[in-house]
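Residues per chain are reported as follows:
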Amino acid sequence: MKAFVIAENEGAARELCAGARTVADSVVLCVVGAPAITGVADVCVHIDVPAGNIADDAYLSVKSAFDAQGADCIIAENALRPLSLVGRLTAALGTAAIAGATEINGTQASTMYFGGNGVRTANAEAIPAFIVGSGVFDGSAATGTDTVEELAFQAPANAVIKQGEEALPKADINLAAADAIVACGRGFSDEADLQLARDLAAKLGAEVGCSRPLAEGVDWFPKEAYIGVSGAVVSPKTYVACGISGQMQHMVGCNGSEVVIAVNKDKNAPIFKQCDYGFVGDLKEALPALTAAL
Ligand SMILES: Cc1cc2nc3c(=O)[nH]c(=O)nc-3n(C[C@H](O)[C@H](O)[C@H](O)COP(=O)(O)OP(=O)(O)OC[C@H]3O[C@@H](n4cnc5c(N)ncnc54)[C@H](O)[C@@H]3O)c2cc1C
């Protein structure tokens, strides 16, 4: 079995290639429009995107690479460009990708539905293709060579013509790699109080994340910072949920954490049934006390 991994971020490429090696004898990594990544696959096929084109339009080159490598399964990073490329690649191959795979077992994958209230098993099509987020293959070590094969960008007949580009403000946040996360919820009634969470995070060496309302209701956090079924799925060693009620849509994003600690002033909040340690109290008192104790 030969796996064809499409990824663009180094951490994801490392994790997906390591996971691919547990199901395949050889692993090819395909990187489009980002620097080549070595040491994680048997070969890295690198496709540069010329100025004036967009990475999504590299699908003909990606298909050529897939055919030339003779791969029999596809694993793609859950990031915008790999998602677009895997969609076009699988369409061209007459197969379909299973999105949001949380577990892969041969040609089957588990995925969540109804906002994480259910888990179903999906059977792969002719050529198994999976879109995988972080934490699914956690624990496997990546191995590989420094071999990079450059492949030319092949423009499709109706390529998108890039008129210009503007950088999005880059969120300085990496929840996937964090060992500890302090997550803030609507229990914070005042943006200035977020400093209490940042102080605790500094003591723990943690990243600061949030529930969706703090990133999409008010914009106290960038979208990359919210955890849950429609945000990031994380699996740190320690997850401290502060002023978060424990709705399913949030908890499916963090229930892979080793230890969940909750701070909430309502002793009946659902999160207290889903945590390892719970503090019933006002976060304005509990967080400084925790920080001081640490
Ligand atoms: C389709 C869909 C997708 C969704 N996806 C996501 C997702 O990906 N991620 C996500 O987070 N949500 C998601 N949601 C929203 C989700 O259902 C919840 O509304 C949201 O998670 C609630 O956020 P919260 O816990 O911060 O707020 P609340 O539910 O309002 O909880 C606030 C908590 O803070 C406590 N509190 C208040 N004041 C204090 C204080 N001073 N000290 C201590 N505790 C205090 C309260 O007791 C309460 O328990 C989604 C919803 C839908 C419908």
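Quick notes on the rules
Residues numbered from 1 in each chain as written. Predicted model: local features only at pLDDT ≥ 70, side-chain atom pairs only at ≥ 80, totals over all residues. Heavy atoms only, no water. Disulfide = S-S within 2.5 Å. Buried < 20%, exposed > 50% of the residue type's maximum accessible area, 1.4 Å probe, protein only. Pairing = 2+ DSSP bridges. Helix = DSSP H or I, 4+ residues; strand = E, 2+ residues; numbered from the N terminus. Axes fitted to C-alpha atoms, helices over the stretch in contact; angles between N-to-C directions. Parallel < 35°, antiparallel > 145°, perpendicular 65-115°, else oblique. Left-handed = near helix turned anticlockwise from the far one by under 90°. Contact = heavy atoms within 4.5 Å. Nonpolar A, V, L, I, M, F, W, Y, C, P; charged D, E, K, R; others polar. Domains from an automatic or database assignment. Buried area = accessible area lost by both parts, 1.4 Å probe. Core = buried A, V, L, I, M, F, W, Y, C linked by side-chain atoms within 4.5 Å. Near = heavy atom within 4 Å. Areas by Shrake-Rupley, 256 points an atom, 1.4 Å probe, with all protein chains shown as cover. Salt bridge = Lys/Arg side-chain N within 4 Å of Asp/Glu carboxyl O.

Colleague: Looking at this structure, I do not really get the state of the cysteines. What am I missing?
Modeller: Where two cysteines share a covalent bond between their sulfur atoms, that bond is called a disulfide. Here the structure, examined in full by the defined rule, presents zero disulfides. Here cysteine 44 is not cross-linked by a disulfide; its sulfur's nearest cysteine counterpart is in cysteine 30, at 7.7 Å. Using a relative accessible area of 1% as the deciding quantity, one classes cysteine 44 as buried. Summary of cysteine pairing: cysteine 275 is not part of a disulfide, and the nearest cysteine sulfur, belonging to cysteine 254, is at 10 Å. According to the relative accessible area criterion, cysteine 275 is buried, its value standing at 19%.

Colleague: In this structure, what is going on with the sheet that holds strand E13 (residues 238-242)? I would like to understand it.
Modeller: Either a parallel or an antiparallel arrangement is found when strands of a sheet pair, and the pairing is made through backbone hydrogen bonds. The strand order E12-E11-E13-E14-E15 describes an open sheet built from five strands, whose pairing is parallel. Here the strands that pair on one side only, and so sit at the sheet edges, are strand E12 (207-210) and strand E15 (277-280). Strand-to-strand twist in this sheet, taken as the mean axis angle between neighbours without regard to direction, amounts to 20°. As paired strands, strand E11 (residues 180-184) and E12 are joined by four bridges and run parallel to one another. For alanine 183, the partnering residue across the bridge sits in E12 and is glycine 209.

Colleague: I keep staring at the packing of helix H2 (residues 59-69) against helix H3 (residues 80-93) and nothing clicks. Help me out?
Modeller: A packed helix pair is summarised by two numbers, namely the angle formed by the two axes and the spacing between the axes. Where H2 contacts H3, the axes come no closer than 9 Å and their chain directions differ by 60°. By the angle between their axes, H2 is oblique relative to H3. Our pair here, H2 against H3, has a crossing hand that is right-handed. When H2 is examined against H3, the residues Tyr59, Val62, Lys63, Phe66 and Asp67 are found in contact with a partner set consisting of Leu85, Arg88, Leu89, Ala92 and Leu93. Across the contact of H2 with H3, the residue classes break down as seven nonpolar, no polar and three charged.

Colleague: How do you make sense of the domain arrangement of the protein when you look at a structure like this?
Modeller: When the parts of a complex come together, some accessible area is lost, and that lost area is often taken as the interface size. Here the protein is partitioned into domain 1 (2-151) and domain 2 (175-293). For domain 1 versus domain 2, the separation of C-alpha centres amounts to 31 Å. Every contact between the two is made by seven residues of domain 1 and, on the other side, seven residues of domain 2. In total, about 520 Å² of surface goes out of reach between domain 1 and domain 2, with carbon and sulfur atoms giving 55% of it. A per-residue breakdown of the area domain 1 buries against domain 2 is headed by Met112, Gly115 and Ser134, which together make up 64% of the total.

Colleague: Can you walk me through the sheet that holds strand E5 (residues 97-101) in this structure?
Modeller: Taken in spatial order, the seven strands make up an open sheet running E5-E9-E4-E1-E2-E3-E10, and their pairing is parallel. The sheet is open, and its two borders are formed by E5 and strand E10 (148-151), each paired with just one other strand. Adjacent strand axes in the sheet meet at a mean angle of 20° when their direction is disregarded. Pairing of strand E3 (residues 43-47) with E10, which is carried by four bridges, proceeds in the parallel orientation.

Colleague: Can you walk me through the nonpolar core in this structure?
Modeller: Nonpolar side chains in soluble globular proteins tend to end up buried together. Residues Val5, Cys17, Leu29, Ile75, Ile104, Phe130 and Val132 are the most contacted members of the largest nonpolar core, which totals 27 residues. Within the residue set of this core, elements represented by two or more residues are strand E1 (2-6), helix H1 (10-23), strand E2 (26-32), strand E4 (73-77), E5 and strand E9 (129-132). Residue contributions to this core peak at four residues, all from H1. Leave out the neighbours within four places in its chain, and cysteine 17 touches Val5, Val27, Leu29, Val40 and Ala41. The next biggest cluster of nonpolar side chains, apart from the first, holds 25 residues, and it includes Val182, Leu200, Leu214 and Trp220.

Colleague: What should I look at first to understand the site of the ligand in this one?
Modeller: Residues in contact with the ligand amount to 24 residues; listed here are only the nearest, Arg186, Ser211, Ser230, Ser245 and Asn264. Relative to its unbound accessible surface of 980 Å², the ligand loses 74% to contact with the protein. Among the residues forming the shell around the ligand, the class breakdown is six nonpolar, 13 polar and five charged.

Colleague: Would you mind showing me how to read the pattern of salt bridges here?
Modeller: Oppositely charged side chains may form a pair once their charged atoms are brought near each other. Going through the model one piece at a time under the given rule, you end up with nine salt bridges. A salt bridge links aspartate 42 to arginine 21; its shortest N-O distance comes to 3.2 Å. Of the two residues, aspartate 42 sits in the loop between E2 and E3 while arginine 21 sits in helix H1, which places them 21 residues apart along the sequence. The exposure class assigned to aspartate 42 is partly exposed, which follows from its relative accessible area of 29%. Note that arginine 212 and glutamate 216 form a salt bridge whose closest N and O atoms lie 2.9 Å from each other. According to the relative accessible area criterion, arginine 212 is partly exposed, its value standing at 41%.

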